[in-house]
Amino acid sequence: MRVLVVLPQLPLPEGRANGRAFVGLLQGLRSHGVDVRALAARQWFSGAENPPTDLPVRVIPVSPGERGLRFQIDRWRRPRGYLARTEFGEAVREEARDADVLHLEELDSAWCDEGVATPALVHLHYRVLRDRSLGPPWRRRFRHVAEFALAERAAIRRHRYVVASSTVVAHEIRAAAPRAKIIVAPLSIDAARYPRASLDGPPVAGILGSGAWPPTVEALRRLVERVWPAVRRKMPEARLLVAGRGVADLRWLRDRRGVEIVGEVPTAGGFLSSLSLLIFPQDRGSGVKVKVLDSIA
């Protein structure tokens, strides 16, 4: 079977969380004998790093494009459909002609099968409104989350075949689209790419995540304001390391006793191998957390 996998971001062992999951996806499909190739978008916020050479990936640069009235209109007609309107979408439609299955990863890829005859499935990592609240309608967050929610609804209604990353996601999709064929396939990573932690030395706890992702920020706030002070009362020598892109910009995180801000780290595996314990006190969520898979690996 020939499968074309469409990735809205690069598959990178040390990239964003979804990038690490993309590596596991491609390696896993190949290990099951699937003839797989992938198209990955290098968007304007991506770095200069390239996917591993052993992965069958073609990288396509995507420019920011125009942000005028036409963009705003189409943004709500096809929410999160920007990639489908660029040279990336054209490449998907061209290469899909030689594939038996078109595998669309996440919402940003979900519109790339318009006008394509090849059977397509969409893989949803989480449910938007399970992970994030809309908030007040006059704030930017409301528009951002609403766009994701509309894109999610369109993806579920437009595709007969949906892959969910957890049973929670599958249950909610099944309620929204009872005629859809839904399969649970949890996110995976390539464990061979991770160093093994020695667990020697004094106990050190840590949390890893993006300071720009609201669920992570909420978990971090709960940890340092409620959980960690209780730990420190029992163990005054306890240390908590906070790592991730953007966490150093969270002002309320500074000057907390027993809390050390590490900031962005070169590798997730390297940071996790220095810990005794990963902590992530999440209040809401629907998908599989890649940081948990990282920690297990």
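This text goes with the structure placed above it.
Here goes a summary of the coordinates provided.

Sheet topology note: the strand β6 (residues 161–164)/strand β7 (residues 181–184) ladder contains four bridges and is parallel. If you follow A164 over to β7, its bridge partner there is V184. At this point the chain moves from β6, through helix α6 (residues 167–176), to the parallel β7, and the crossover so formed is right-handed.

What follows is about the side chain of Q43. Mapped onto the secondary structure, Q43 falls in the loop between β2 (35–42) and β3 (57–61). Dropping the residues within four chain positions of it, Q43 is found in contact with P8, V62, L83 and D108.

Within the secondary structure, V262 sits in strand β10 (residues 259–263). Distance from V262 to A248, taken between C-alpha atoms, is 7.6 Å for residues 14 residues apart in sequence. Non-local contacts of V262, meaning those with residues more than four positions away in its chain, are made with L241, V242, A243 and F271.

Time to look at the sheet that holds strand β11 (residues 277–278). Strand pairing within a sheet occurs via backbone hydrogen bonds; the two strands may be parallel or antiparallel. Taken in spatial order, the four strands line up as β10-β9-β8-β11 in an open sheet, and their pairing is parallel. The sheet is open, and its two borders are formed by β10 and β11, each paired with just one other strand. Here helix α7 (residues 214–234) sits on the sheet and contacts β8 (205–208), β9 (240–243) and β10; the angle it forms with β9, its principal contact strand, is near 170 degrees.

The rules behind each value
Residues numbered from 1 in each chain as written. Predicted model: local features only at pLDDT ≥ 70, side-chain atom pairs only at ≥ 80, totals over all residues. Heavy atoms only, no water. Pairing = 2+ DSSP bridges. Helix = DSSP H or I, 4+ residues; strand = E, 2+ residues; numbered from the N terminus. Right-handed = clockwise from strand over helix to strand, strands pointing away. Contact = heavy atoms within 4.5 Å. Axes fitted to C-alpha atoms, helices over the stretch in contact; angles between N-to-C directions.

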